[in-house]
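# Close look at the chain arrangement
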Amino acid sequence: MADAIADTRRLFTKPQNLNDAYGPPSNFLEIDVSNPETVGVGRGRFTTYEIRLKTNLPIFKLKESSVRRRYSDFEWLRAELERESKVVVPPLPGKALFRQLPFRGDDGIFDDSFIEERRQGLEQFLNKVAGHPLAQNERCLHMFLQDESVDKNYTPSKIRQA
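Residues numbered from 1 in each chain as written. Predicted model: local features only at pLDDT ≥ 70, side-chain atom pairs only at ≥ 80, totals over all residues. Heavy atoms only, no water.

- An unreviewed UniProt entry annotates the chain as Sorting nexin-3 originating from Oryzias sinensis.
- Its UniProt record gives the chain a comment under Sequence similarities (unreviewed entry), which states: "Belongs to the sorting nexin family." (UniProt positions renumbered as here; feature names shortened; annotations may be inferred.)

### Considering the packing of aromatic side chains
- For the structure shown, the criterion picks out 2 aromatic pairs.
- Here W76 and Y154 contribute two aromatic rings whose centre-to-centre distance is 5.7 Å and whose plane-to-plane angle is 70°, an arrangement assigned as edge-to-face. Taken together, the positions of W76 in helix α2 (residues 71-84) and Y154 in the segment after α4 (139-146) put the pair 78 residues apart, joining distant regions of the chain.
- Given a relative accessible area of 8%, Y154 falls into the buried group. (Phe/Tyr/Trp six-rings, centres within 6.5 Å; stacked < 30°, edge-to-face > 60°. Helix = DSSP H or I, 4+ residues; strand = E, 2+ residues; numbered from the N terminus. Buried < 20%, exposed > 50% of the residue type's maximum accessible area, 1.4 Å probe, protein only.)

### As for the sheet that holds strand β1 (residues 29-39)
- With antiparallel pairing, 3 strands are arranged side by side in an open sheet as β1-β2-β3. A strand with exactly one partner marks an edge of an open sheet, and here the two such strands are β1 and β3 (64-70). The sheet shows a mean angle of 20° between the axes of neighbouring strands, direction not considered.
- For β1 and strand β2 (residues 46-55), the ladder comprises 9 bridges, and the chain directions are antiparallel. Its bridge partner being in β2, D32 is matched across the sheet by R52.
- Against the sheet, helix α3 (residues 112-130) touches β1 and β2, its axis set at about 150° to β1.
- Against the sheet, α4 makes contact with β1, β2 and β3, and its axis sits at roughly 95° relative to β3, the strand it touches most. (Pairing = 2+ DSSP bridges. Axes fitted to C-alpha atoms, helices over the stretch in contact; angles between N-to-C directions. Contact = heavy atoms within 4.5 Å.)

Right, dumping it as C-alpha cells:
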C-alpha cells in the first residue's frame, strides 16, 4: 500500500488590496434585539424589544429597518415558520411560567435580569432563523423584521428576489 502524503502546498490567491481587506463584506445580515421597554399596567403589562436589521442581501426590500415586537410576536413567527417552511426552527427562550405566579419577591417576568436573559435568547433565535437561506424566502420573516406591524391574517407566500 502506498504511503499517502498530505499535500501541504498553499493555494494560489490573488493579492488583497485595501478595498478587499477593509471594504464592506460581500453579504451580511446583522440583527440586534435591544432596548426592552415594559408598557401597560396590571394584566395588560408586557415588554417589547427593538429589532434592528442591517443587510445588503438583495432579498430584503429595506437595507436597514427598526421595529418593536413583543414575545407573543416571536411565538407567532416561530409557529408560521414551522407551518410554512421546510426549516427546522430553533426553540424560543422559555415562557417562564413560574415567574408569573403572584406573591413572588421579585418583579417576575418584568425583572431586569429576566428581561436581559430573554432578550439574548430572542436575538439568538432571530439570527439563527434569519441566517437560514430557506427561511429568508418566507414572507412572515420579512414582515416580522421590516413591517411596522405584523398582519397575522397575511397570506403565506415566498419572497422572490428582485
